[in-house]
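# Report on the structure
What follows is each chain in one-letter form.
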4 protein chains.
Amino acid sequence: MIQLAVIGAGYWGPNLVRNFSQTPGARVAYVCDLDAAKLAPLAAQYPTLTTTRNYQDALGDPNVDAVVVATPVSTHQRLAVEALRAGKHVLVEKPLAATVQAAREIDAVAREVKRVLMVGHTFIYNPAVTKVHEYIQRGALGEIYYIDSARVNLGLHQFDINVIWDLAPHDVSMILYWLGQRPLRVSARGNSYTQDNIEDVAFVTLEFPGKVMAHIHVSWMSPAKLRRTTIVGSKQMIVYDDLEAAEKVKLYDSGVEQLALNATTRAELQRTYRVGDVLSPRLDVVEPLRVECKHFVECIVEGKTPRTNGDAGIAVVQVLEAATRSLREGGRTIEIGS
Amino acid sequence: MIQLAVIGAGYWGPNLVRNFSQTPGARVAYVCDLDAAKLAPLAAQYPTLTTTRNYQDALGDPNVDAVVVATPVSTHQRLAVEALRAGKHVLVEKPLAATVQAAREIDAVAREVKRVLMVGHTFIYNPAVTKVHEYIQRGALGEIYYIDSARVNLGLHQFDINVIWDLAPHDVSMILYWLGQRPLRVSARGNSYTQDNIEDVAFVTLEFPGKVMAHIHVSWMSPAKLRRTTIVGSKQMIVYDDLEAAEKVKLYDSGVEQLALNATTRAELQRTYRVGDVLSPRLDVVEPLRVECKHFVECIVEGKTPRTNGDAGIAVVQVLEAATRSLREGGRTIEIGS
Amino acid sequence: MIQLAVIGAGYWGPNLVRNFSQTPGARVAYVCDLDAAKLAPLAAQYPTLTTTRNYQDALGDPNVDAVVVATPVSTHQRLAVEALRAGKHVLVEKPLAATVQAAREIDAVAREVKRVLMVGHTFIYNPAVTKVHEYIQRGALGEIYYIDSARVNLGLHQFDINVIWDLAPHDVSMILYWLGQRPLRVSARGNSYTQDNIEDVAFVTLEFPGKVMAHIHVSWMSPAKLRRTTIVGSKQMIVYDDLEAAEKVKLYDSGVEQLALNATTRAELQRTYRVGDVLSPRLDVVEPLRVECKHFVECIVEGKTPRTNGDAGIAVVQVLEAATRSLREGGRTIEIGS
Amino acid sequence: MIQLAVIGAGYWGPNLVRNFSQTPGARVAYVCDLDAAKLAPLAAQYPTLTTTRNYQDALGDPNVDAVVVATPVSTHQRLAVEALRAGKHVLVEKPLAATVQAAREIDAVAREVKRVLMVGHTFIYNPAVTKVHEYIQRGALGEIYYIDSARVNLGLHQFDINVIWDLAPHDVSMILYWLGQRPLRVSARGNSYTQDNIEDVAFVTLEFPGKVMAHIHVSWMSPAKLRRTTIVGSKQMIVYDDLEAAEKVKLYDSGVEQLALNATTRAELQRTYRVGDVLSPRLDVVEPLRVECKHFVECIVEGKTPRTNGDAGIAVVQVLEAATRSLREGGRTIEIGS
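Residues numbered from 1 in each chain as written. Chains lettered and ligands numbered in written order. Predicted model: local features only at pLDDT ≥ 70, side-chain atom pairs only at ≥ 80, totals over all residues. Heavy atoms only, no water.

In this assembly, 50 residues from chain B lie in contact with 50 residues from chain A. With both chains or domains summed, chain B and chain A bury close to 4600 Å², and 62% of this area falls on carbon and sulfur atoms. Inspection of the region where chain B meets chain A yields two salt bridges. Residue A:Arg189 is joined to B:Glu207 by a salt bridge in which the shortest nitrogen-to-oxygen separation is 3.1 Å. Where chain B packs against chain A, one counts 21 residue pairs in polar contact (both at pLDDT 80 or more). Counting residues per element, the ones that place at least two in the side of chain B that touches chain A are β7 (144–154), β8 (185–191), β9 (201–207), β10 (213–219), β11 (221–233), β12 (237–241), α8 (256–262) and α9 (266–271) of chain B. The element that contributes the greatest number of residues to the side of chain B that touches chain A is β11(B), accounting for nine residues. A breakdown of the residues in the side of chain B that touches chain A according to their chemical character gives 24 nonpolar, 19 polar and seven charged. (Contact = heavy atoms within 4.5 Å. Buried area = accessible area lost by both parts, 1.4 Å probe. Salt bridge = Lys/Arg side-chain N within 4 Å of Asp/Glu carboxyl O. Polar contact = N/O pair within 3.5 Å; in protein donor to acceptor, adjacent residues only side chain to side chain. Helix = DSSP H or I, 4+ residues; strand = E, 2+ residues; numbered from the N terminus. Nonpolar A, V, L, I, M, F, W, Y, C, P; charged D, E, K, R; others polar.)

Right, dumping it as structure tokens:
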């Protein structure tokens, strides 16, 4: 039985406690938060849980095998490193850290102490995202040309990080996972309309080897919620719309090659809205966080490397850092070093 | 009765003939095209029409009052200038010309010969677009922060112009019309995947005075057609979706000010998809091109300046030219001179 | 070259003229209407057309091969019979006649004079409808259980016929075509809210041999337009939504047999919105009326029996007549005789 | 503090426990179920809860003020009466009982022992449903003509009750609540395709005084989930779509009176999809069951009559009973007695 301590009982913390509570082979032993008011309802709901305002209670308990860091990103480095040094396996909420340097340090410590380090990029455990990955892996899309993603909604402003750090980690982690490579260059444009220096709207471009491109639009100021990603390939194309209740993933049998081969006339295309068949595959009905929690426990028990390991976490932070820098330098192209 | 000659019987030409035929006070006298095969069906359908492969037949006819130039953009400058010099009023299809310099020349000649010059930015005559303009004019949106527009579809590649010149004129003309100003800076990123040097995907950013921003995504390679524009203001927001059959324009009573004043909690927003009421106003049911044709005839008869005059046409070309230049220089910011 | 006369230049007449004008092997020679104001625009648009207020001009012209009856339904019997007796092939707009008896007489005369009789059930020539027919024919749906159809919109009240006679012919003709059989029993409930004795809302039930059922909801008083038909089979199911721009037909791999075989748990179904894959097939982009016109001409030239022949037209009228009778007798079940 | 016992820990029981646990002034003391396996997870999650396989433990406990009956409908009469006779206030899950006679007995006993009897018609506590009620109450719709409701989905078959008893209680309770009247006549048609004598598809018609009509379509065999209700009035109309994430209620400024007054032409309507403005009001974001639980506790504490009292529960059962009878008698019209 893996005993866990969750540090941070804010928005996401209770979801982690609930899911780990229902993960076979795992048990949540501690929840830590500076704010006692956030601990009370968890204590009431999970009576066998120890709640504490001092996370070091948990780190010092030799029965605790693993620590989940679900605190503001500025504290990730300190808490993750401390937990790893205390011999715990660590799951850090996304993004891994506030800077590439901090992310690298966490990863280095994990390697040094030989503990599992996993980053909570939940979307990588989402059945829709893994289905898209599957299609790409088996070549169904042909050569990937570009990915376009929009993640916008209204009013959920953060006060410590900008909209890129808040929303884009989802898109960046999915895009890197699907493409299996890292961008060469990142640029971004955006603005802060409601708080000084906290950008609430941004348009981010990632350039990969061989003309492959990704574009991400994130906003806290859009009236109608969107979570929509298009993946354009030479053979087929996909639209993944996370707000669609029944048909989240649609595979369009209408790649660029088909367009040429079918000799569909311009006049016909002008009157129609599509070319080939559209297939919406059945997806597993499962909470992605449940899959993520199970994967973390398995990695600990079986000594496996997580799908979203330190490397994956660092790569995402590289993009976020470069994008914010570009945005503040007027959209300048930032080269991503190795 | 205004007598018209339409030069160019390609995709758009027949629409112009049909609409001018039904415009009170106007009569289509000539249709000219180098390709006789394109003239035949028009000759059959409109027996009183003179069709000719030589547009100079029309320019030389003193009964012709006005000329409509609906040919490829590379020929606009020559044909428009020639028609103006022949004393005709001129409606040029969008974009006005292939370069800012050419656009300026056409405009200068029109001023010199004191003839009406109008550019066929049809969307400016679309009831949805004018309804949005009305809301903005009366202050319903408060201060405008940014506009985000997507115009993507599948396979309608052009062979002489890139996707920015093909699709973005619609968005650029609407945005300039709504904001009533011109951008200070333009930048763009994109790629040509299927034809060398003809970009088929692009992301364009326009920066206006005072942090106002616009972003336009155009693509010929997207599996699902989109024509969707979001206008974000401090008081209210609008989504204009041209593919919506019944509710093209939606006004969201959920500006940034409301968010603050209502003290809607983060937790509540996380569970909901929206804040205030949503109003979808009734729109007139009319073909925008019909309104445009009527406006052109009125401007001629009453000596008025068209809503989409030479200045408006030049401003659009400035953005298109700057965007293409930026795209080819790796996304560099291009300053728009006065 | 088949020479045609179109009688009736109301809403549908100009569509018939336009489509027959573009049908190879056909030529519209006459358009007849009592209202000269309706003839004028057609005369202007089609200069080779003879327009007349007296349809007998057309019937008496030996060069006319075929007559299209597009007048109010109460006149169908007289005009169709007269045209057939004059030796013309006849296409009658749907519904074939105002009573079963009248429909039968038209059909009998057509058989007697050995002329083609076709009924203008346009939907039978719609690519979406024929695609559904194809799936059913090849057994993709398994055993058909029931069909549910809604055809509602706002305000297009008729003044001579009720909503069943106005809208339900589409659904009835599709359902009979797909099932390949005729109902044993018909019943209907509804009301007239805005005009005395002209029902504007109705719910119609058709019972076929072997528990197969169809339900049709028609209304002139529904705020949001619907054209949506569901076909439920033992193996797969279809939703055909004619208002969907891009995905009119969806084939659900989720028949009743799958439900049993997959042993999908109740709990999982409660969280999901669907079971198997969904396929939206590519459909031809063609105007159904164009296909219908072509088919009529082919039947004349090649001596074939139309897909929507007199029998099909009579069967539809039987259902409409029975439904109206049931509705006026409080929903009583009406047996359809042979 | 009101102490509650919940009898029945099946699908709905845990939702009741969760919501009453978070209702101020209430405390869940007991959960009873014959199946110990259903009790275990509740015991684990709510450690202060007494779980028992014998509901009489709860009825016999004088500290228990109220009992919630969430068992199969065939047991409602016995359990509700027993609980009332034991002096408890009672909330019975919908439908109140399996027959009108049983429902009347429960209500009579509640009156006799002067205890609160409430029926769990959750939709009556749904913000969308109360918003529609509000519009109707203030006359915004004018005279109500008819209501059309569809509640269909795939595969959630019941084994003890038919689809009318399973799904229609929602629609019937809403319709009676909105109209403030009871139907004079009920009829239904449907079939059982997958289980003998358990109808899985039904079409139900309710006739109210003065030509007002309601139609309800329920099915367990429809591939695409629908929860859509249209309310047609003389002044305005409403569509309430419970599956819409952001715009559940839409108010159409397009009643029959407007149609007449505006003199909108038939031609224009044919091209458009709507008439007046559409307003989608902001709705409270709250779980309807939470509101229901709070209301039950308030009725007990303040001695109020619940909005969904015994009378309301009886009225719904009358319709369900009549509909099933009609369905089994070939759609015969059933008069609802007083």
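Don't stop here, the text continues.
All right, on to the side chain of C:Ser173 then. All names here are of chain C. Topologically, Ser 173 is positioned in helix α7 (residues 163–179). Overall, the relative accessible area of 6% leaves Ser 173 in the buried class. Reaching out from Ser 173, the side chain makes a polar contact with the backbone oxygen of Pro 169 at a distance of 2.9 Å. Contact partners of Ser 173, with chain neighbours within four places excluded, come to His 121, Ile 124 and Val 316. (Buried < 20%, exposed > 50% of the residue type's maximum accessible area, 1.4 Å probe, protein only.)

Turning our eyes to something else, we now look at the relation of the copies chain B and chain A. Screw-axis analysis of chain B against chain A gives a translation of 0.0 Å along the axis, an RMSD of 0.0 Å, and a rotation angle of 180 degrees. Taken together, the rotation and translation describe the operation of a two-fold axis. Looking at the rotation axis and the C-alpha trace of chain B, the residue lying nearest is B:Arg332, at 3.7 Å. Both copies contact each other with a shared surface, as 100% of the interface residues of chain B are interface residues in chain A too. (Least-squares fit on C-alpha atoms with pLDDT ≥ 70 in both.)

We now examine the sheet that holds strand β4 (residues 66–69) of chain C. Residues and elements named next belong to chain C. Strands sit in the order β3-β2-β1-β4-β5-β6 across an open sheet of six strands; the sheet is parallel. Because the sheet does not close on itself, it has two edges, and the strands there are β3 (50–52) and β6 (117–120). Mean inter-strand twist for the sheet, computed between neighbouring axes without regard to direction, equals 20 degrees. Pairing between strand β5 (residues 89–93) and β6: four bridges, direction parallel. Paired with Val 92 across the strands is Val 119, a residue of β6. (Pairing = 2+ DSSP bridges. Axes fitted to C-alpha atoms, helices over the stretch in contact; angles between N-to-C directions.)

Residue and element names in this part refer to chain A. Entries for chain A in the domain assignment read domain 1 (2–122 + 288–309) and domain 2 (124–286 + 318–335). When each unit is reduced to the centre of its C-alpha atoms, the spacing between domain 1 and domain 2 is 29 Å. Domain 1 puts 18 residues into the contact, and the matching count from domain 2 is 16 residues. Between domain 1 and domain 2 lies a buried interface of about 1500 Å² when both sides are counted; carbon and sulfur atoms form 67% of it. Taken together, domain 1 and domain 2 are joined by zero salt bridges. Inspection of the region where domain 1 meets domain 2 yields six residue pairs in polar contact (both at pLDDT 80 or more). Contributions of two or more residues to the side of domain 1 that touches domain 2 are made by α5 (100–113) and α10 (288–302). Residue composition of the side of domain 1 that touches domain 2, grouped by class: nine nonpolar, five polar and four charged. (Domains from an automatic or database assignment.)

What follows deals with the packing of helix α6 (residues 127–137) of chain A against helix α7 (residues 163–179) of chain A. All names here are of chain A. Remark: α6 packs on α7, axes separated minimally by 9 Å, with the N-to-C direction vectors making an angle of 25 degrees. Between α6 and α7, the crossing angle belongs to the class labelled roughly parallel. Taken as a pair, α6 and α7 cross one another with a handedness that is right-handed. Between α6, through Val 129, Thr 130, Val 132, His 133 and Ile 136, and α7, the contact on the second element is made entirely by Met 174, Tyr 177 and Trp 178. In the contact of α6 with α7, the residues fall into six nonpolar, two polar and no charged. (Parallel < 35°, antiparallel > 145°, perpendicular 65-115°, else oblique. Left-handed = near helix turned anticlockwise from the far one by under 90°.)

Bringing the state of the cysteines into the picture now. Residue and element names in this part refer to chain C. One pass over the full model with this rule turns up zero disulfides over all chains. Between Cys 32, a cysteine without a disulfide, and Cys 293, which holds the nearest cysteine sulfur, the sulfur-to-sulfur distance is 16 Å. Judged by relative accessible area, which is 2%, Cys 32 ranks as buried. (Disulfide = S-S within 2.5 Å.)

Below, the discussion takes up the pattern of salt bridges. Under the counting rule described, the total for this entry stands at 75 salt bridges over all chains. When the shortest N-O distance is used, the salt bridge between B:Arg325 and B:Glu329 registers 3.6 Å. Judged by its relative accessible area of 44%, B:Arg325 is partly exposed. Of the residues examined, B:Glu329 reaches a relative accessible area of 37% and is grouped as partly exposed. Here C:Lys294 ties to C:Glu298 by a salt bridge, and the two come within 3.5 Å at their closest N and O atoms. Of this pair, C:Lys294 and C:Glu298 both sit in helix α10 (residues 288–302), four residues apart, which is roughly one turn of the helix. Judged by its relative accessible area of 44%, C:Lys294 falls in the partly exposed class. Taking the relative accessible area as the measure of exposure, C:Glu298 reaches 24% and is therefore partly exposed. One connected set of salt bridges, linked through shared partners, spans A:Glu247, A:Lys250, C:Glu247 and C:Lys250.

Residues and elements named next belong to chain D. Running from N to C, helix α1 (residues 13–21) and helix α10 (residues 288–302) cross one another at 65 degrees; their axes reach a closest spacing of 9 Å. When you trace α1 past α10, the crossing you get is right-handed. Counted together, Asn 15, Leu 16, Arg 18, Asn 19 and Phe 20 of α1 and Leu 289, Arg 290, Cys 293, Phe 296 and Val 297 of α10 form the full contact between these two elements. Here the contact of α1 with α10 is built from residues that sort into six nonpolar, two polar and two charged.

Let us now look at helix α6 (residues 127–137) of chain B. Residue and element names in this part refer to chain B. Counted residue by residue, α6 has eight buried out of 11 residues, so it is predominantly covered. Among all positions of α6, only Pro 127, Ala 128, Val 129, Lys 131, Val 132, His 133, Tyr 135 and Ile 136 are buried. At the N-terminal end of α6, a side-chain oxygen is found 2.8 Å from the backbone nitrogen of Ala 128, two or three residues along, and the residue is Asn 126. Just past α6, the residue Gly 139 takes up positive phi, approximately 80 degrees.

Residue and element names in this part refer to chain A. With respect to the helices, strands and loops of the structure, Glu 199 is situated in the loop between β8 (185–191) and β9 (201–207). You can call Glu 199 buried: its relative accessible area is 5%. There is a polar contact of 3.0 Å between the side chain of Glu 199 and the side chain of Asn 162. Among the polar contacts listed, one links the side chain of Glu 199 to the side chain of Arg 328, at a separation of 2.9 Å.

Quick look at the interface of chain D and chain C now. With 50 residues of chain D at the interface, the matching set in chain C holds 50 residues. For chain D, the biggest contributors to the area lost against chain C are D:Arg189, D:Tyr193 and D:Pro223; these three give 15% of the whole. Taken together, chain D and chain C are joined by two salt bridges. Summed over the shared surface of chain D and chain C, the result is 21 residue pairs in polar contact (both at pLDDT 80 or more). Counting residues per element, the ones that place at least two in the side of chain D that touches chain C are β7 (144–154), β8 (185–191), β9 (201–207), β10 (213–219), β11 (221–233), β12 (237–241), α8 (256–262) and α9 (266–271) of chain D. With nine residues, the single largest contributor to the side of chain D that touches chain C is β11(D). For the side of chain D that touches chain C, a count of residues per class yields 24 nonpolar, 19 polar and seven charged.

Turning next to unusual backbone geometry. Of the consecutive residues B:Lys94 and B:Pro95, the connecting peptide bond is found in the cis state with omega at -10 degrees. By the secondary structure assignment, B:Pro95 is in the loop between β5 (89–93) and α5 (100–113). Within the chain, B:Asn197 stands out as a residue other than glycine whose phi angle is a positive 70 degrees. According to the relative accessible area criterion, B:Asn197 is exposed, its value standing at 60%. With a phi angle near 55 degrees, D:Lys114 is a residue other than glycine that sits in the positive phi range. On the secondary structure map, D:Lys114 appears in the loop between α5 (100–113) and β6 (117–120).

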